[in-house]
Amino acid sequence: MGYKQVLPLESEERHKNEALFARELEKYEEIRRPAILEIKGLHATVSGREILKGINLSVSAGEVHAIMGPNGSGKSTLASVLAGNPRYEVTGGQVLLDGNDLLPLNVEERAREGVFLGFQYPVEIPGVSMANFMKAAMAEKRRHEGLEPLSASEFLRLVREKAALVELDPAMISRSVNEGFSGGEKKKNEIFQMAMLSPRLAVLDETDSGLDIDALRVVGEGVSRLRRPDNAIVLITHYQRLLDYIVPDFVHVLYKGRIIESGGRDLALKLEKEGYDWLINRQ
Ligand code: ADP
Ligand code: MG
């Protein structure tokens, strides 16, 4: 009799303990989740003028961080520094990608390591078709990973799959990169490229600028679908409306080269309602 009574109790106890253990493990995993991007005390100058004045930011795998802030705060400068644009001189601090120093690497090397930058103003490359551009970029990335280039049919299959993600006409890939593309097409193209390359870290600068509501939704949903537990996205945006589609885990406000506030999604909503003044006046 004792046996029958004790068994359910025991198993109930065990289940309770297991659930407790699973929760503890989850917490532990949370803490342990590796940082993909770590920025520590980053200072940078352009034309001898200090723009970034000590940025600290840690972005873990699976996270989307939004960086907001008034015009001229240094948002695009931060994106350029992360991409390795040589016009910007890093005068202090560290940038680590998966624990490795990113700063000594040039633009191409960073791309190879899995950094993708979407520009505020995408460049046009007349005479180079999207197809050839993407083929070369993909082949380069795969070579770095010790993989053979994709076959023509595999490449096309991938193009179709990823173009659908941003409702981009796959026929566009026979056109020159961004040449004659509308603002919306350029942005969609950017997200298409991101989807093709599947970067470890994507930094998207003002992906929402110049987009009508429809394109905004397509781009926003496209980026959202590219969220993965093993990548990280830094989204630079002036407007909170993009964050309706890509819900960020963290929101940071950059002002005069420093992060002056960090919070969750609610911070973006508050900024939309109240603007930046309450933060700036607090400085
Ligand atoms: P945001 O993207 O937040 O609007 P930016 O990073 O574009 O800000 O600019 C921050 C500041 O740095 C601005 O005052 C801007 O004029 C200056 N700046 C940015 N790039 C350059 C450059 N290439 N040469 C001179 N000044 C620059
Ligand atoms: Mg900018």
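Notes on the structure in this doc start here. (Residues numbered from 1 in each chain as written. Chains lettered and ligands numbered in written order. Predicted model: local features only at pLDDT ≥ 70, side-chain atom pairs only at ≥ 80, totals over all residues.)

**Here's the deal with the overall build of the protein chain**
Thinking step 1. Helix and strand counts for the protein chain stand at 9 helices and 12 strands.
Thinking step 2. Going through the 283 residues of the protein chain one by one, you find that 35% of them count as buried.
Thinking step 3. Expressed as a percentage of contacts within the protein chain between residues at least 6 apart in sequence, the contacts between residues at least 24 apart total 72%. (Helix = DSSP H or I, 4+ residues; strand = E, 2+ residues; numbered from the N terminus. Buried ≥ 20, exposed ≤ 12 C-beta atoms within 10 Å, placed from the backbone. Contact = placed C-beta atoms within 7 Å.)

**Focus on the site of ligand 1**
Thinking step 1. Near ligand 1, the surroundings consist of Val46, Ser47, Ile51, Gly69, Asn71, Gly72, Ser73, Gly74, Lys75, Ser76, Thr77 and Arg87.
Thinking step 2. Of all the elements, helix H2 (residues 75-83) adds the most residues to the shell around ligand 1, at 3 residues.
Thinking step 3. Here the residues of the shell around ligand 1 are counted per class, giving 2 nonpolar, 8 polar and 2 charged. (Near = placed C-beta within 6 Å. Nonpolar A, V, L, I, M, F, W, Y, C, P; charged D, E, K, R; others polar.)

**Points about the sheet that holds strand E9 (residues 201-205)**
Thinking step 1. Read from one edge of the open sheet, 6 strands run E6-E9-E10-E3-E11-E12, paired in mixed fashion. In this open sheet, the two strands that pair with only one neighbour each are strand E6 (115-118) and strand E12 (258-263). Between one strand and the next, the sheet's axes are offset by a mean angle of 20 degrees, whatever the strand orientation.
Thinking step 2. Relative to E9, E6 runs parallel, the two sharing 4 bridges. Note on E9: the bridge partner recorded for Val115 is Leu201. (Pairing = 2+ DSSP bridges. Axes fitted to C-alpha atoms, helices over the stretch in contact; angles between N-to-C directions.)

**A closer look at the nonpolar core**
Thinking step 1. Counting residues in each nonpolar core, the largest one holds 65 residues, and the members touching the most others are Leu82, Leu201, Val203, Val219, Ile233 and Leu235.
Thinking step 2. With residues near it in sequence (within four places) discarded, Leu201 still touches Ile36, Leu37, Leu97, Gly114, Val115, Phe116, Asn231 and Ala232. (Core = buried A, V, L, I, M, F, W, Y, C linked by C-beta atoms within 7 Å.)

**Here's the deal with the sheet that holds strand E2 (residues 49-60)**
Thinking step 1. As summarised here, the arrangement of the 4 strands in space is E2-E1-E4-E5, forming an open sheet in which the pairing is antiparallel. Since the sheet does not close on itself, it has two edges, and those belong to E2 and strand E5 (100-101), each with one partner.
Thinking step 2. Relative to E5, strand E4 (residues 88-97) runs antiparallel, the two sharing 2 bridges. Its bridge partner being in E5, Leu97 is matched across the sheet by Asn100.

**Points about helix H8 (residues 265-274)**
Thinking step 1. Residues Leu267, Ala268 and Leu271 constitute the buried set of H8. Angular distribution of buried residues about the axis of H8 spans 100 degrees; they occupy a single face of the element. Away from the buried face of H8 by more than 90 degrees, exposed residues Asp266, Lys273 and Glu274 are located.
Thinking step 2. On its buried face, H8 sits against strand E3 (64-68), strand E11 (250-255) and E12.
Thinking step 3. Two residues or fewer past H8, Gly275 is found with a positive phi of approximately 70 degrees. (Arc of directions from axis to C-beta.)

**Topic: the packing of helix H5 (residues 152-165) against helix H6 (residues 183-197)**
Thinking step 1. Relative to each other, H5 and H6 sit at 135 degrees, their axes nearing to 9 Å. One way to sum up the angle between H5 and H6 is to call them oblique. Taken as a pair, H5 and H6 cross one another with a handedness that is right-handed. The residues of H6 that touch H5, namely those facing Leu158, Lys162, Ala163 and Leu165, are Phe192, Ala195 and Met196.
Thinking step 2. Considering only residue class, the contact of H5 with H6 consists of 6 nonpolar, no polar and 1 charged. (Parallel < 35°, antiparallel > 145°, perpendicular 65-115°, else oblique. Left-handed = near helix turned anticlockwise from the far one by under 90°.)

**Observations concerning the packing of H6 against helix H7 (residues 213-225)**
Thinking step 1. At their nearest, the axes of H6 and H7 sit 10 Å apart, and the two run at 5 degrees to each other. As judged from the angle between their axes, H6 and H7 are roughly parallel. For the pair H6 and H7, contact is made by Gly184, Lys187, Lys188 and Ile191 and by Ala215, Val218, Val219, Gly222 and Val223, respectively.
Thinking step 2. Across the contact of H6 with H7, the residue classes tally to 5 nonpolar, 2 polar and 2 charged.

**Brief notes about unusual backbone geometry**
Thinking step 1. Backbone geometry places Ser198, a non-glycine residue, at a positive phi of 45 degrees.
Thinking step 2. A positive phi is found at Lys256, a non-glycine position, where the angle reads about 50 degrees.
Thinking step 3. By the C-beta count within 10 Å, which is 15 here, Lys256 ends up partly exposed.

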